[in-house]
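# Overview (structure and organization)
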Amino acid sequence: MKGKLGRGVALVGAGVGKFGAFPRKDSRDLFVEAFRELVASVDNKGFDPTEIEALFIGNYSSELFEHQGHLAPILADWVGLTPRAALRVEGACASGGIALRQGVLAVASGLYDVVLVGGVERMTALPTEAVTDTLATAGDVLYEFPAGFTFPGFYAAMATAYAARYGMPYEALMEVARKNHAHGALNDKAQFGMTIRAIMDRRLAKAREKGGPLPGWRDELDFLRDPGANPPVAWPLRLFDCSPITDGAAAVLVVAEELARRFTDRPLRVLGTGQASDACLYGRADLTSLRSAREAAAQAYTMAGVKPSGVKLAEVHDCFTIAEVLAVEDLGFFPSGQGWRAARDGATHRDGTIPVNTSGGLKAKGHPVGASGVAQVVELWKQMRGEAGPRQVGHDVDLALAHNVGGTGQTCVVHIFGRG
Amino acid sequence: MAERDFTRTSFEEHLAEGYLMGVRCRSCGALSAVPRPLCPACRVEDLEWVELSGRGVVEGFTVIHVPPTPLAAAGFGRDNPYASAVVRLAEGPWITAQLVGVDPKRPESIRVGLKVRAEVIHQGEAARLAFRPED
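Residues numbered from 1 in each chain as written. Chains lettered and ligands numbered in written order. Predicted model: local features only at pLDDT ≥ 70, side-chain atom pairs only at ≥ 80, totals over all residues.

## Describing the overall build of chain B
Let me state the cut-off plainly: By definition, any uninterrupted DSSP run of H or I lasting at least four residues is a helix, any uninterrupted run of E lasting at least two residues is a strand, and each is numbered from the N terminus. Just to be clear, the radius of gyration here is over C-alpha atoms, and the globule rule we use is 2.2 Å times residues to the power 0.38. Any residue with 12 or fewer other C-beta atoms within 10 Å of its own C-beta is exposed, any with 20 or more is buried, and the rest are partly exposed; the C-beta atoms used are placed from the backbone. Each residue is represented by a C-beta atom placed from its backbone, and any two residues with such atoms within 7 Å are regarded as in contact.
The helix and strand tally for chain B stands at 2 helices and 8 strands. When the helices and strands of chain B are listed from N to C terminus, the series reads α-β-β-β-β-α-β-β-β-β. Scaling as 2.2 N^0.38, a compact globule of 135 residues should have a C-alpha radius of gyration of about 14 Å, and chain B matches this with 16 Å. Its C-alpha atoms give chain B principal-axis dimensions of roughly 50 × 30 × 25 Å. For chain B, the residues scored as buried account for 37% of the 135 residues in total. When contacts within chain B are restricted to residue pairs at least 6 apart in sequence, those whose partners lie at least 24 apart make up 51%.

Next comes the structure, spelled out in structure tokens:
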């Protein structure tokens, strides 16, 4: 591996649709919504979408979620791109991130100058148990599924291993959820754009309406400790440790760097990209770190020529609260065994030393699995251009990172962006 | 036994006969509790079945309250959770299986480092692997 791109690649547009549960929308409708915001985001009004030469779509399982295979050409048709090449990339919850990487590599190769990268998933048409089954197929259906593991269960096992090794109290995970909900409350595209406090207050108001005894929650942590309000899903992970089931889509416009200023005066440069694989849980040597994340991050840092300490903001794959703890260590922001303190101490808050998941993360923004890796990059686009509105961080973000994990870390993809 | 393919089907047949069988690479000695035709360490196609002791230690675990549909159909759920674990076998390789003989309603009583022993649970013709705490 040469460790560098064949030519410079830039992002010149980005869009994300509203995340949530939309029974009246199919994935093509969600994708159109993200595409429309992307087109509007391209500064130079002369942008003609017919300049797009190919479409790369991240999607985990339209077959199981919507009973629709062969999704990419339909999406190309719905945004008026046929007969251009359209293809789908699948890497479980990292589908979006690896679709972006394939788009970047396609432009870097010189074959295309302008490609559209999208991610989409429509998950809420299935009942929860069927979603649980579908997500579990991102693990090993021969050796993990029969052992009773669900997707939250995999990460729960990592949480117990991490807590046993490093002495993390499980309540530290609640601080990750609190932070990401506080961030999500500032994101109008988020599925759960509410602080934990607001959710608690809403429950109290409902209880008051109904009459009868009121829950005696003193504060947010007290609310999260209550198994009635926050029941276990896969102990030690509870409802508020888990990202929700979400419909949503996101898209970015990837072009050759030499052409970037035709589209915008403020492009983002792709400084680094890395991707790695790993065995399923039974093939690992450690449950307290994702080897694929460390490998993908090392590739991206090396390509970009930067260190973790230079990163000003990151969107990381917090499908579960413990996943964010592992991520901030695997990315080198915190030493091993210290990541669990970051949210509690404020370091990863919006005004902290390394803001993590200012979008609300998968936890609060929502996790339409194939879309998440692209939606992370849309957040970086907004923060790096000063367009993040009420959640814009106070410092200048000239270097930002996205970390997108598939399954339990059998896939990880990391991207690093600078300003053009 | 040695002539069986290194597949999931063979793994389950061994379990049904009461054995936890893994594969060992004759070339580099690498062991895997999950059978496969190619050595994952040295990629040589020279494996043999070996019986594993079934003794192991819990590396990580969970208690599932929201089960997948087959286990929900078997009666598991919020009121009847179950435990699953990643187990490091005494010979080195890891494997995933349910934990039995533990109290899923008191997850604090289960811990990483717990010593466990393999047990085969027979369900009609099918057999599946589980682990039970040692004494």
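There is more to say after this.
## Re the overall build of chain A
A tally of regular secondary structure across chain A gives 15 helices and 11 strands. For chain A, with 420 residues in total, the buried portion stands at 60%.

## Some points on the packing of helix H4 (residues 95–108) of chain A against helix H15 (residues 369–384) of chain A
If you want to describe how two helices pack, look at the angle between their axes and the distance between the axes. Residues and elements named next belong to chain A. What counts is decided by this rule: As a rule, the C-alpha atoms of each element are fitted with a line to give its axis, helices using only the stretch in contact, and angles between N-to-C directions run from 0 to 180 degrees. Here is the rule for angles: anything less than 35 degrees is roughly parallel, anything more than 145 is roughly antiparallel, 65 through 115 is roughly perpendicular, and the remaining ranges are oblique. Charged means Asp, Glu, Lys or Arg here, nonpolar means Ala, Val, Leu, Ile, Met, Phe, Trp, Tyr, Cys or Pro, and polar covers whatever is left, Gly included.
Running from N to C, H4 and H15 cross one another at 60°; their axes reach a closest spacing of 5 Å. Between H4 and H15, the angle is such that the two are oblique. Residue-level contacts link Ser95, Gly96, Gly97, Ala99 and Leu100 of H4 to Val369, Gly370, Ala371, Ser372, Gly373, Val374 and Val377 of H15. Taken together, the residues that form the contact of H4 with H15 break down as 6 nonpolar, 6 polar and no charged.

## Some remarks on the packing of helix H6 (residues 151–166) of chain A against helix H12 (residues 321–330) of chain A
Residue and element names in this part refer to chain A. Heads up, the condition is: Here a crossing is called left-handed whenever its near helix is offset anticlockwise from the far helix by less than a right angle, and right-handed whenever the offset is clockwise.
Their axes nearest at 9 Å, the elements H6 and H12 cross at an angle of 55°. Accordingly, the angle class assigned to the pair H6 and H12 is oblique. Crossing of H6 over H12 shows left-handed handedness. Along the contact surface, H6 presents Tyr155, Met158, Ala159 and Tyr162, while H12 presents Ile322, Ala323, Val325 and Leu326. Class assignment of the residues belonging to the contact of H6 with H12 gives a composition of 8 nonpolar, no polar and no charged.

## Considering the nonpolar core
Using the following cut-off: In this usage, the nonpolar core is the set of buried Ala, Val, Leu, Ile, Met, Phe, Trp, Tyr and Cys residues whose C-beta atoms join them within 7 Å.
Membership of the largest hydrophobic core comes to 163 residues, with the highest contact counts inside it found for Val252 and Val374 of chain A. Residue contributions to this core peak at 10 residues, all from H6 of chain A.

## Here we look at the sheet that holds strand E8 (residues 268–277) of chain A
All names here are of chain A. The criterion, for reference: Two strands qualify as a pair provided DSSP detects at least 2 bridges between them.
Pairing is mixed in the open sheet, where 9 strands are placed in the order E3-E2-E4-E7-E1-E8-E11-E10-E9. Edge positions in the sheet fall to strand E3 (85–89) and strand E9 (313–315), since each has one partner strand and no second. Recorded for the sheet is a direction-independent mean angle of 25° between the axes of neighbouring strands. As paired strands, strand E2 (residues 54–58) and strand E4 (residues 114–122) are joined by 5 bridges and run parallel to one another. By the bridge assignment, leucine 55 is partnered in E4 with leucine 116. Strands in contact with helix H11 (residues 291–304) are E8, strand E10 (399–406) and strand E11 (411–419); relative to E8, the strand with the most contacts, it is inclined by about 150°.

## Here's the deal with the domain arrangement of chain B
Residues and elements named next belong to chain B. Filter applied, for reference: Each domain's extent is set by a domain assignment, obtained either automatically or from a database.
Segmenting chain B into domains produces domain 1 (8–51) and domain 2 (55–133). For domain 1 versus domain 2, the distance between C-alpha centres works out to 22 Å. Each side of the interface is counted separately: domain 1 has 10 residues, and domain 2 has 11 residues. Of all the secondary structure elements, the ones that give two or more residues to the side of domain 1 that touches domain 2 are helix H1 (8–16) and strand E2 (31–32). The element that contributes the greatest number of residues to the side of domain 1 that touches domain 2 is H1, accounting for 3 residues. Residues of the side of domain 1 that touches domain 2, tallied by class, amount to 6 nonpolar, 3 polar and 1 charged.

## Regarding H6 of chain A
It helps to recall that an α-helix has 3.6 residues per turn; residues three or four apart then point in one direction. Residues and elements named next belong to chain A. Selection criterion: The length a helix should cover is 1.5 Å for every residue beyond the first.
Its 16 residues give H6 an end-to-end C-alpha distance of 23 Å, which sits within 8% of 22 Å, the value for a rise of 1.5 Å per residue. Burial within H6 is extensive, with 13 of its 16 residues counted as buried. Looking one or two residues beyond H6, the residue adopting positive phi is glycine 167, at roughly 75°.

## Some words on the interface of chain A and chain B
In this complex, chain A contributes 31 residues to the contact, which on the side of chain B involves 28 residues. Elements supplying a minimum of two residues to the side of chain A that touches chain B: helix H5 (128–136), H6 and strand E5 (232–235) of chain A. When residues in the side of chain A that touches chain B are grouped by element, the largest group, 7 residues, is from H6 of chain A. Grouping the constituent residues of the side of chain A that touches chain B by class yields 22 nonpolar, 5 polar and 4 charged. Here E5 of chain A runs beside strand E4 (residues 55–64) of chain B; their pairing, made up of 2 bridges, is antiparallel. Across the sheet, residue alanine 234 of chain A finds its bridge partner in E4 of chain B, namely isoleucine 64 of chain B.

## Comments concerning unusual backbone geometry
All names here are of chain A. Along the chain, threonine 82 connects to proline 83 via a cis peptide bond; the corresponding omega equals 15°. Positionally, proline 83 belongs in the loop between helix H3 (71–78) and E3. Residues tryptophan 235 and proline 236 are joined by a peptide bond in cis, for which omega reads 5°. The backbone phi angle of alanine 92 is positive, close to 50°, even though this residue is not glycine. By secondary structure assignment, the location of alanine 92 is in the loop between E3 and H4. Judged by the 21 C-beta atoms lying within 10 Å of it, alanine 92 falls in the buried class.

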